[in-house]
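This is what each chain is made of:
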There are 2 protein chains.
Amino acid sequence: MPHIALPAGLPGISAGFAFRPETAKPMRELAHVLLHGPSTLTGAERELIATFVSSRNDCYFCQTSHGAAAAAHLGGDFALVDEVKRNFEDAGVSAKLKALLVIAGKVQQDGKNVLPEDIARARSEGATDLELHDTVLIAAAFCMYNRYVDGLGTWQPTNQSMYAEMGKHLAENGYLTSSLQR
Amino acid sequence: MPHIALPAGLPGISAGFAFRPETAKPMRELAHVLLHGPSTLTGAERELIATFVSSRNDCYFCQTSHGAAAAAHLGGDFALVDEVKRNFEDAGVSAKLKALLVIAGKVQQDGKNVLPEDIARARSEGATDLELHDTVLIAAAFCMYNRYVDGLGTWQPTNQSMYAEMGKHLAENGYLTSSLQR
């Protein structure tokens, strides 16, 4: 039961976006630039960072929808998404992504936890300044999205096929329009 | 010393914004709608919520700049800003704002901490659904801005007159343009 009178039938963040289009617009744009815009990080890498942070923040809607988007980028590999959430250091992802996930995990707790040696490790694995910037901001932004979704008490259905379809739409089309308004 | 090659001489979030204009645009817009756009919450109330959350996140740049913006809205009352940060339940602010600060403080930790009784208290003090929405989102958004500023290791000067001037500019003009590019 949402804490305020959100439009019925819209899951997770969609309900907040429909309630307040003025804030939805920049929130959609930010997600689109970070997760779907031009980048030397792949869509899968960026969605895995978003999924990992949402998992650490225990936000069911965000970790499931972005996990599905990551899986869609990975040709349906939901098992890899679960590995990253459970223990990314042993997951089948690149050494660069592991180093970026260390930074994302620290930002999820407190930006001040990021140490020069965390940055040095990521650089030694080939991370650029722009990739480091975007990793910090994806992690920071999901600390917003997660709290928004949970703080409004939004409806978060557990129908996995809905998330799989949503993830596919997000991976293909990005974040400027709702996957529910096709 | 910033973790990446940010433009020199720009304090706090300004450096991140100059480094990545594509993400700066929606981040500025979101702050502008929430803190400076039309609202039944005053500018002072909204800046106090932002300052309080930034203080709980221990982000020096954000709590000082938004604290100065709140003080500017309050005719220079920096003492009230400090009271709100220290112990808002005993501060000289409205019962409605105190109830909203309870919600903001919970969102700062985890959106799921917000309870129906927190919402009921705010409603009994006159808070509307839109005010509740914006309180949740201001708190969530500052969990992003704070982590962004700290996670990049931005330069955060301690020159109080710079913050006072910045706060005055923000209170008067909002967030769409930099207070440093006048």
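Residues numbered from 1 in each chain as written. Chains lettered and ligands numbered in written order. Predicted model: local features only at pLDDT ≥ 70, side-chain atom pairs only at ≥ 80, totals over all residues. Heavy atoms only, no water.

Enquirer: Before we move on, could you go through unusual backbone geometry and cite the residues and values that matter?
Expert: Phi at D58 of chain A takes a positive value of approximately 55°, unusual for a residue other than glycine. Its relative accessible area of 48% is what places D58 of chain A among the partly exposed residues. (Buried < 20%, exposed > 50% of the residue type's maximum accessible area, 1.4 Å probe, protein only.)

Enquirer: Explain the relation of the copies chain B and chain A to me, and be specific about the residues and the numbers.
Expert: By a simple turn and slide, chain B fits onto chain A: the slide is 0.0 Å along the axis, the RMSD is 0.0 Å, and the turn is 180°. The transformation just described matches what one would write down for a two-fold rotation axis. Considering only C-alpha atoms, the part of chain B nearest the rotation axis is P26 of chain B, at 2.2 Å. Of the residues that chain B buries at the interface, 100% are likewise interface residues in chain A, meaning the two copies contact each other through the same surface. (Least-squares fit on C-alpha atoms with pLDDT ≥ 70 in both. Contact = heavy atoms within 4.5 Å.)

Enquirer: Lay out helix α2 (residues 21-36) of chain B in plain terms, naming residues and giving numbers.
Expert: Across the 16 residues of α2 of chain B, 12 count as buried, placing the element largely inside the fold. Every buried residue of α2 of chain B is listed here: T23, A24, P26, M27, R28, E29, L30, A31, H32, V33, L34 and L35 of chain B. (Helix = DSSP H or I, 4+ residues; strand = E, 2+ residues; numbered from the N terminus.)

Enquirer: Run through the pattern of salt bridges, naming residues and quoting values.
Expert: The tally for this structure, following the rule as stated, stands at 22 salt bridges over all chains. Among the salt bridges present, the one from E172 of chain A reaches K168 of chain A, with a minimum N-O distance of 3.6 Å. Of this pair, E172 of chain A and K168 of chain A are both found in helix α9 (residues 160-173), 4 residues apart, which corresponds to roughly one turn of the helix. Connected through shared salt-bridge partners, K25 and E29 of chain A together with K25 and E29 of chain B make up one network. (Salt bridge = Lys/Arg side-chain N within 4 Å of Asp/Glu carboxyl O.)

Enquirer: Give me the packing of aromatic side chains: which residues, what numbers.
Expert: In this description, a pair of aromatic rings is defined by centroid distance and the angle of the planes. Applying the stated criterion across every chain yields a total of 9 aromatic pairs over all chains. Between Y60 of chain A and Y163 of chain A the ring centres are 5.9 Å apart and the planes differ by 85°, which places this aromatic pair in the edge-to-face class. Of this pair, Y60 of chain A sits in helix α4 (residues 60-73) while Y163 of chain A sits in helix α9, placing them 103 residues apart in sequence. A ring pair is formed by F52 of chain B and F88 of chain B, whose centres lie 5.2 Å apart and whose planes are at 80°; its orientation type is edge-to-face. You can see F52 of chain B sitting in helix α3 (residues 43-56) and its partner F88 of chain B sitting in the loop between α5 (78-87) and α6 (95-109), a full 36 residues away along the chain. Look at F52 of chain B and you get buried, because its relative accessible area is 1%. Put simply, the rings of Y60, F61 and Y163 of chain A touch in pairs and so form one group of aromatic residues. (Phe/Tyr/Trp six-rings, centres within 6.5 Å; stacked < 30°, edge-to-face > 60°.)

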